[in-house]
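Residue-level listing of the chains:
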Amino acid sequence: MKITFAIAAAIVAAGSAAAAPVKYTIDSNHTYPSIETDHFGGLSTFRGKFNSTSGTVVLDREAGSGTLEVTIDAASIDLGHDKLNEHIKADAAMLDTKKFPTATYSGKLTKFVNGTPTEVDGTLTLRGVSKPVALKIEQFSCRPHPMRKKEVCGAHATGTINRADFGADYGEA
């Protein structure tokens, strides 16, 4: 299963010093971790997203460091097919959202190029199982928001997991 995190963040506190770490709050209205997984061994591909997230990004461009913390409401999964969504949420061999209502990703921003991170070394916790998952940041930029007059950042990062490693082994041979 390919997991894709598309992350937009808005600054929490105005007036942070430019040379100090800046903390951003993830904007749930613009942040949709998405998934892509094969169906029936490659017959087709399902794509979907999680509609509810929260978290923070701390970024220190000058030091070339930072962190990412994301919490995903597992029951907010949306594959565009209501019956499939309900199956994935309810099945004990899938997300089992009653028992495991959230998934989390926690990581360190790494490999900065010109003040911009290019990777995240982190841990995904899904269904109560924590495993290391590296993300490649394919796009990352920050700029002043035209209406809020505060800096906002956006990113697109991808990584791949084997869902069975997290106990979501429905349909595995």
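It should be noted that the structure appears before, not after, this text.
Below or above, wherever it landed, is the structure these notes cover.

Definitions and limits used
- Residues numbered from 1 in each chain as written.
- Predicted model: local features only at pLDDT ≥ 70, side-chain atom pairs only at ≥ 80, totals over all residues.
- Heavy atoms only, no water.
- Phe/Tyr/Trp six-rings, centres within 6.5 Å; stacked < 30°, edge-to-face > 60°.
- Lys NZ or Arg CZ within 6 Å of the ring centre and 35° of its normal.
- Helix = DSSP H or I, 4+ residues; strand = E, 2+ residues; numbered from the N terminus.
- Buried < 20%, exposed > 50% of the residue type's maximum accessible area, 1.4 Å probe, protein only.
- Polar contact = N/O pair within 3.5 Å; in protein donor to acceptor, adjacent residues only side chain to side chain.
- Contact = heavy atoms within 4.5 Å.
- Pairing = 2+ DSSP bridges.
- Salt bridge = Lys/Arg side-chain N within 4 Å of Asp/Glu carboxyl O.
- Arc of directions from axis to C-beta.

1. Some thoughts on the packing of aromatic side chains
For the structure on display, the rule yields zero aromatic pairs. The residue whose ring lies beneath K49 is Y32, and the NZ or CZ to ring-centre distance is 4.4 Å.

2. What about the side chain of N85?
Here N85 is to be found in helix 1 (residues 82-90). Of the residues examined, N85 reaches a relative accessible area of 6% and is grouped as buried. At a separation of 2.8 Å, a polar atom in the side chain of N85 contacts the main-chain amide nitrogen of L79. Not counting residues within four places of it along the chain, the set of residues in contact with N85 comprises I77, D78, L79 and G80.

3. Regarding the pairing of strand 5 (residues 53-60)
Across four bridges, the pairing between strand 2 (residues 22-26) and strand 5 is antiparallel. Its bridge partner being in strand 5, K23 is matched across the sheet by V58. The pairing of strand 5 with strand 6 (residues 65-73) spans eight bridges and is antiparallel. Bridging from a neighbouring strand, T56 pairs with E69 of strand 6. Linking strand 5 back to strand 6 in an antiparallel pair, the connection comprises four residues, with G64 at a positive phi of about 70°.

4. Here we look at the pattern of salt bridges
The full count for this structure, using the stated rule, is four salt bridges. R61 serves as the salt-bridge partner of E151, at 3.4 Å between the closest nitrogen and oxygen. Placement of E151 in strand 11 (residues 151-160) and of R61 in the loop between strand 5 and strand 6 is noted, with a sequence separation of 90 residues between them. A residue is classified by how much of its surface remains accessible, and E151, at 27% relative accessible area, is partly exposed.

5. Comments concerning helix 1
All of the buried residues along helix 1 are L84, N85, I88 and K89. Viewed along the axis of helix 1, the buried residues span an arc of 130°, placing them on a single side of the element. Exposed residues pointing more than 90 degrees away from the buried face of helix 1 are listed as D82, K83 and A90. The inward-facing, buried residues of helix 1 abut strand 4 (44-50) and strand 7 (77-78).

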